[in-house]
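Structural features, examined
For reference, the chains in residue letters:
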Amino acid sequence: MINRTRRFHPKFLKVLLGAAVCFGVAACGEDAPPPKKQAPAKAVEAGPPPARPVAELIAENDIDDRIRMDDLLAPSTTEQRLAALKFFDGFARGRADQIRPFLGDLEQEELAALEASGQLAQLSHDIEGIEIMAGASHEGQPALLGLYEFADHIEGQMWEIQGGEVGFILHAAPLPPGLSQRLGATPFEDWYAAVAAEQDMKNASDLGVERARAIASAEELPDSGGGDSGGGPKGPGGR
């Protein structure tokens, strides 16, 4: 009886195993593709740290309880938030020395007059609350709006910001009469719209005064017409 069972020849088995290994690693006769080079990661520049919450600054710096400033309406940096709180805290407590470093020269003179007359002390006594809002002037200049709350009314003052050693220097913006009672949902726009309207009225009034003066001057000129009343020669144009 013939045994039909065939055994793998050792050489055939060796070739078969070699082919399997070659197929598993890479196509036979082909080099493995080089690894892809990854672009170096770009360094990300760290931005300024987020401003600290207003409530924390008030608690840590002994700011008067009557001072209020919403985080959404506050300056964008911790330093400016703290400077704003200290500035208005000076009004709430009647401390001229605390207010003075934030003011320009003209405003410092007015502050000195308020202190000497006793009005600053009376103001701090009458204030029931001060709300602070950060925004911009009509020219895009950073500004702070302080709303001083009293028993029967609210008085606002716009302070325009410039750079300074204590965080900023503040200059008082013009305050048209009765403006504080007309501020709405957009107080910064309302403020400067009222300032522009008042300036337009002033310009028109000035033009009216100049026109009246011109008419009065023309009426006072000597008559340049008809006969000579016996006088001597006249100047150019008969004047």
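Quick note: structure is the one above.
So, here's what we can say about the structure. A quick note: this is a predicted structure, and the numbers were derived from the prediction, not measured.

Some words on the overall build of the chain
Of regular secondary structure, the chain possesses seven helices and five strands. For the chain, the succession of helices and strands along the chain, N to C, is α-α-β-α-α-α-α-β-β-β-β-α. Buried residues in the chain amount to 27% of all 239 residues. Total accessible area on the chain stands at roughly 17000 Å², and carbon and sulfur atoms take up 56% of it.

A short note on the nonpolar core
Core analysis: the biggest nonpolar cluster contains 30 residues, and Leu85, Phe87, Phe88 and Ile130 have the highest contact counts within it. Elements with a contribution of two residues or more to this core: α2 (54–60), β1 (67–69), α3 (78–93), α4 (96–99), β2 (129–136), β3 (142–149) and β4 (154–162). Residue contributions to this core peak at seven residues, all from α3. Beyond its immediate chain neighbours, meaning those up to four positions away, Phe87 contacts Ile99, Phe102, Leu103, Trp159 and Leu170. Core analysis: the next-biggest nonpolar cluster, separate from the first, contains 13 residues, Met133, Ala143, Ala173 and Ala194 among them.

A word on unusual backbone geometry
Excluding glycine, most residues fall at negative phi; most peptide bonds, likewise, are trans. Despite not being glycine, Asp62 shows a phi value in the positive range, around 55°. Within the fold, Asp62 resides in the loop between α2 and β1. A residue is classified by how much of its surface remains accessible, and Asp62, at 56% relative accessible area, is exposed.

Description of the sheet that holds β3
The strand order across the open sheet built from five strands is β1-β2-β3-β4-β5, with neighbouring strands paired in mixed fashion. Pairing within the sheet leaves two strands with one partner each, and these edge strands are β1 and β5 (169–172). Each adjacent strand pair in this sheet contributes to an overall mean axis angle of 30°, direction not counted.

Things to note about the side chain of Ser180
For Ser180, the location among the structural elements is in the loop between β5 and α7 (187–220). We classify Ser180 as buried; its relative accessible area is 11%. A polar side-chain atom of Ser180 sits 2.8 Å from the main-chain amide nitrogen of Gly156. Setting aside residues no more than four positions away along its own chain, Ser180 makes contact with Ile154, Glu155, Gly156 and Leu175.

Some remarks on the pattern of salt bridges
Considering all chains together, one arrives at nine salt bridges under this definition. With its nearest N and O atoms 3.3 Å apart, the salt bridge here joins Arg100 to Glu115. With Arg100 in the loop between α4 and α5 (105–117) and Glu115 in helix α5, this pair connects stretches of sequence that are 15 residues apart. With a relative accessible area of 24%, Arg100 lands in the partly exposed category. Residue Glu115 is classed as partly exposed on the basis of its relative accessible area, which comes to 41%. A cluster of three or more residues bridged by salt bridges with shared partners is formed by Arg52, Glu56 and Glu60.

Some details on the pairing of β4
Where β3 and β4 come together, seven bridges link them in antiparallel fashion. Bridged to Glu149 within β4 is Ile154. Hairpin connection of β3 to β4: four residues between the antiparallel strands. Pairing between β4 and β5: four bridges, direction antiparallel. In the strand pairing of β5, Gln162 is matched with Ile169.

Reading the values: rules and limits
- Residues numbered from 1 in each chain as written.
- Predicted model: local features only at pLDDT ≥ 70, side-chain atom pairs only at ≥ 80, totals over all residues.
- Heavy atoms only, no water.
- Helix = DSSP H or I, 4+ residues; strand = E, 2+ residues; numbered from the N terminus.
- Buried < 20%, exposed > 50% of the residue type's maximum accessible area, 1.4 Å probe, protein only.
- Areas by Shrake-Rupley, 256 points an atom, 1.4 Å probe, with all protein chains shown as cover.
- Core = buried A, V, L, I, M, F, W, Y, C linked by side-chain atoms within 4.5 Å.
- Contact = heavy atoms within 4.5 Å.
- Pairing = 2+ DSSP bridges.
- Axes fitted to C-alpha atoms, helices over the stretch in contact; angles between N-to-C directions.
- Polar contact = N/O pair within 3.5 Å; in protein donor to acceptor, adjacent residues only side chain to side chain.
- Salt bridge = Lys/Arg side-chain N within 4 Å of Asp/Glu carboxyl O.

Interpretation note: all reported values are geometric properties and have no functional meaning in isolation.
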